[in-house]
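# A structural walkthrough
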Amino acid sequence: MQSSSAIKQNTFADDVLRGLSSAPKFLSSKYFYDDEGSRLFQEIMKLPEYYLTRAEFEIFSTQTSEIFEAFTRANETFDLIELGAGDGLKTSLLVDYFLKQGADFRYVSMDISEEALSCLTENFKAQFPGLSIQTEQGDYFRSLEIFKSKSDRRKIILFLGSNIGNFGKSQAQDFFRQLRATMNDTDLLFIGFDLQKDPRVILRAYDDAQNVTAQFNLNLLSRINRELGANFNLEIFSHYASYHPIEGAARSFLISRKAQTICVESLNKTFDFAAWEPIFMEISQKYSLAMIEDLAQTSGFEISQYFFDSQKFYTDSLWKPT
Ligand code: AVI
């Protein structure tokens, strides 16, 4: 059998080729986060319409002691493992409180991006000189497998920021099943979900008045221009966001406002666009509690607790393996 490290990962070029050759066309939002994309995402998180970050921050800042109680068992050491480093702002609230309680834990940050990891560790080292920090760069599951073989401490895995929303339904289920396989029975998983609410509130979060979300999407075309030698003219594409209240799915598209042919040099290919043809860019799934319960159950977990913000816009849900 081929080991997982030997399985060829798709490159950016492979994925762009597949997406632009499909009908309908699509691009993967996992490529949004180059330097400029990461900067734009920081801007999005500060937008008045983008309630998600504030809601999760409220949960972490007002229910820190309840979260601590739910995570810890008398004097037991544990590893607090965060998937996707982000800016660490929310996690720093937990770390600060946990250290003040004298908890015996290690903070482990896992991310694909070396830069995100070094940025976060520098911050945390300065902020929390007494904290034991470890980083694992690369694919989450591989990192967790390596980690499992190196440590038998209890693991509390954080997957915050509604990042799970950017996976489709079956992708989310696969993700949790794979996570479950890396966990022991007493480990815990803490996940941030954006909840279904007034569709207008959701739609505004993905169609902000300052057009930062539009630039965030268009930036992926700039990235393709820069890294793969394409000739997308960003002026001819418009960002379009939709929310489907039955599916609970917010979707973003870039629409070609006229018929055109795009050339991507490093693929040695051209791609024809009809007038008003969309490229599907991103899904941001919004959950009901029933959907969360179903997802937990079908991937080998049960829900032990929910934490909500005051508007019930968002939940951090604590899962334990069944
Ligand atoms: C990272 N992720 C959870 C964000 C979201 O809400 O889906 C990405 C984003 N896309 C547009 N605005 C923010």
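Provided above is the structure to which this section pertains.
Residues numbered from 1 in each chain as written. Predicted model: local features only at pLDDT ≥ 70, side-chain atom pairs only at ≥ 80, totals over all residues. Heavy atoms only, no water.

## Let's talk about the sheet that holds strand 6 (residues 188-194)
Heads up, the rule is: Between any two strands, at least two bridges found by DSSP are needed for them to pair. Secondary structure counts use DSSP, requiring at least four H or I residues in a row for a helix and at least two E residues in a row for a strand, with both numbered from the N terminus. Lines fitted to C-alpha atoms define the axes, with helix axes restricted to the stretch in contact, and inter-axis angles between N-to-C directions lie between 0 and 180 degrees.
Sheet architecture is open: seven strands sit in the order 4-3-2-5-6-13-12, paired in mixed fashion. Looking at which strands have only one partner, the edges of the open sheet turn out to be strand 4 (132-137) and strand 12 (301-308). Each adjacent strand pair in this sheet contributes to an overall mean axis angle of 20 degrees, direction not counted. Of the pairings in the sheet, the one linking strand 3 (residues 105-111) to strand 4 comprises six bridges and is parallel in character. Each bridged residue has a counterpart across the sheet, and for Ser109 the counterpart in strand 4 is Thr135.

## Side note on the site of the ligand
Quick reminder of the rule: We call a residue near a molecule or strand as soon as one heavy atom of that residue lies within 4 Å of the molecule or strand. Polar contacts, as counted here, are pairs of nitrogen or oxygen atoms within 3.5 Å of one another; within protein the pair requires one atom able to donate a hydrogen and one able to accept it, and residues that are adjacent in sequence qualify only if both atoms are side-chain atoms. In short, Shrake-Rupley with a 1.4 Å probe defines the accessible areas, and a residue's cover is counted only from the protein chains shown. A pocket, in this scheme, is an open set of points on a 1 Å grid over the protein atoms alone with protein on both sides within 12 Å along at least 5 of 7 lines, while a cavity is a set where a 1.4 Å probe fits but cannot get out; residues line either one if an atom lies within 4 Å of a point. To decide whether a molecule occupies a pocket or cavity, check its atoms: if more than half lie within 2 Å of the grid points, it is inside. Residues are sorted three ways: Asp, Glu, Lys and Arg are charged, Ala, Val, Leu, Ile, Met, Phe, Trp, Tyr, Cys and Pro are nonpolar, and all the rest, Gly among them, are polar.
Around the ligand lies a shell of 14 residues, among which Tyr50, Asn166, Tyr206, Glu282 and Ser284 are the nearest. Contact between the ligand and Tyr206: an oxygen atom at 2.6 Å from a side-chain N or O atom of the residue. The side chain of Ser284 places a nitrogen or oxygen atom 2.6 Å from an oxygen atom of the ligand. In the complex, the protein chains occlude 99% of the 340 Å² of accessible area that the ligand would expose alone. Counting atoms within 2 Å of the grid points, the majority share of the ligand lands in the largest cavity. Elements with a contribution of two residues or more to the shell around the ligand: helix 2 (35-46), helix 10 (212-228) and strand 11 (277-285). Residue composition of the shell around the ligand, by class: seven nonpolar, six polar and one charged.

## Points about the packing of helix 4 (residues 64-71) against helix 5 (residues 89-100)
When two helices pack together, their arrangement is given by the angle between their axes and by how far apart the axes lie. Worth spelling out the cut-off: If an angle is under 35 degrees, it is roughly parallel; if it is over 145, roughly antiparallel; if it lies from 65 to 115, roughly perpendicular; otherwise it is oblique. Throughout, a contact is declared for two residues whenever any of their heavy atoms are within 4.5 Å.
Direction vectors running N to C along helix 4 and helix 5 enclose 70 degrees, while the axes themselves pass 10 Å from each other. On the basis of their axis angle, the class for helix 4 and helix 5 is roughly perpendicular. For the pair formed by helix 4 and helix 5, the contact residues are Thr64, Ser65, Ile67, Phe68 and Phe71 on the first element and Leu93, Leu94, Tyr97 and Phe98 on the second. Here the contact of helix 4 with helix 5 is built from residues that sort into seven nonpolar, two polar and no charged.

## Some points on unusual backbone geometry
Cis geometry is adopted by the peptide bond preceding Pro24, which originates at Ala23 and carries an omega value of -5 degrees. By secondary structure assignment, the location of Pro24 is in the loop between helix 1 (12-21) and strand 1 (25-26). In the Ramachandran plot, Asn211 falls in the positive-phi region, its phi being about 65 degrees despite a non-glycine side chain. By the secondary structure assignment, Asn211 is in the loop between helix 9 (199-205) and helix 10. Despite not being glycine, Trp276 has its phi angle at roughly 70 degrees, a positive value. Mapped onto the fold, Trp276 is located in the loop between strand 10 (269-273) and strand 11.

## Topic: the pairing of strand 10
Note that strand 9 (residues 260-264) and strand 10 share five bridges and pair antiparallel. From the neighbouring strand, Cys263 faces strand 10, where its bridge partner is Thr270. Where strand 9 hands over to strand 10, the hairpin turn is made up of four residues, of which Asn268 adopts a positive phi near 55 degrees.

## Some thoughts on empty space enclosed by the protein
Note the cut-off: Grid points are joined across faces, edges and corners, and a volume is the space filled by probe spheres set on the points.
Under the counting rule described, the total for this entry stands at one cavity of 30 Å³ or more. In this structure, the largest cavity encloses a volume near 160 Å³. Taken together, 16 residues make up the lining of the largest cavity; nearest its centre are Phe41, Tyr50, Asn166, Tyr206 and Glu282. At the level of elements, helix 2, helix 10 and strand 11 are the ones that each hand at least two residues to the lining of the largest cavity. Looking at the lining of the largest cavity, its residues break down into eight nonpolar, six polar and two charged.

## Some points on the nonpolar core
Where we set the bar: The nonpolar core is taken to be a set of buried Ala, Val, Leu, Ile, Met, Phe, Trp, Tyr and Cys residues, with the residues joined through side-chain atoms within 4.5 Å. For each residue, the accessible area found with a 1.4 Å probe, counting protein chains only, is set against the maximum for its type, and the residue is called buried under 20%, exposed over 50%, and partly exposed in between.
One finds Phe71 and Leu80 to be the most contacted residues of the largest nonpolar core, which totals 70 residues. Broken down by element, this core gets its largest block of residues, seven residues, from helix 10. Dropping the residues within four chain positions of it, Phe71 is found in contact with Leu80, Leu94, Phe98, Arg154, Ile156, Leu158, Leu188, Phe190 and Leu318. If you look at the next biggest cluster of nonpolar residues, it comprises 27 residues, including Ile157, Met183, Tyr287 and Phe308.

## What about the side chain of Asp34?
Assignment of secondary structure puts Asp34 in the loop between strand 1 and helix 2. A relative accessible area of 11% places Asp34 in the buried class. One polar contact links the side chain of Asp34 to the main-chain amide nitrogen of Gly37, over a distance of 2.8 Å. Those residues in contact with Asp34, other than ones at most four positions away along the chain, are Asn219, Arg223 and Arg226.

## Let's talk about the environment of Phe307
You can see Phe307 is positioned in strand 12. The spacing of Phe307 and Leu318 is eleven residues in sequence and 8.2 Å in space, taken between C-alpha atoms.

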